Amino acid sequence: MPRLPASSSVFSQKISSFCDMRLACALSSHDHENLRSYMLGFVARRARPPQNAGKLDWKEIAVACDLDSESLRVAKRVAQPGFEAIIRWLEETKIASANTRGHSGELTLVDRSVVGHN
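Residues numbered from 1 in each chain as written. Predicted model: local features only at pLDDT ≥ 70, side-chain atom pairs only at ≥ 80, totals over all residues. Heavy atoms only, no water.

(A) Expanded view of the overall build of the chain. Along its length, the chain carries four helices and two strands. Scanning the chain from its N terminus toward the C terminus, one meets helices and strands in the order α-α-β-β-α-α. Across the 118 residues of the chain, 36% fall into the buried class. The contacts of the chain with a sequence gap of at least 6 include a subset with a gap of at least 24, amounting to 66%. In the form shown here, the chain has an accessible surface area of approximately 7,600 Å², with 53% of it arising from carbon and sulfur atoms. (Helix = DSSP H or I, 4+ residues; strand = E, 2+ residues; numbered from the N terminus. Buried < 20%, exposed > 50% of the residue type's maximum accessible area, 1.4 Å probe, protein only. Contact = heavy atoms within 4.5 Å. Areas by Shrake-Rupley, 256 points an atom, 1.4 Å probe, with all protein chains shown as cover.)

This is the structure we're talking about:
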């Protein structure tokens, strides 16, 4: 059976924990909180982080999170996996949504009309 993506609340907790474990020790509390809130916003809105030519747009991220050049250098190194996880989660969520039928939320791998079930 295919793995279903985590719910928004579960995934938000994972991103928050990632930020607390990875970003808190590398960035100031101000930068850590700004970046954590920024990342959680993408999960809440189910929106993709800013990208340019298929890569994260760190200039836009820096402006949105009020990161100076040193903080940006560190954030690129430590926050990249978190942003990549958000992008993967959004893709998994989109695929699962495309395979869901009706309002039950049950994942349907085969169209039931083809196998004689209604």
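(B) Summary view of the environment of Ser 71. Within the secondary structure, Ser 71 is located in helix 4 (residues 69–99). Linking Ser 71 and Asp 31, residues 40 residues apart in sequence, is a C-alpha distance of 7.4 Å. Dropping the residues within four chain positions of it, Ser 71 is found in contact with Leu 27 and Asp 31. Side-chain polar atoms of Ser 71 contact the side chain of Asp 31, separated by 2.5 Å. (Polar contact = N/O pair within 3.5 Å; in protein donor to acceptor, adjacent residues only side chain to side chain.)

(C) Geometry of the side chain of Ser 16. Mapped onto the secondary structure, Ser 16 falls in helix 1 (residues 8–23). Among all residues touching Ser 16, those that are not within four sequence positions of it are Arg 36 and Leu 40.

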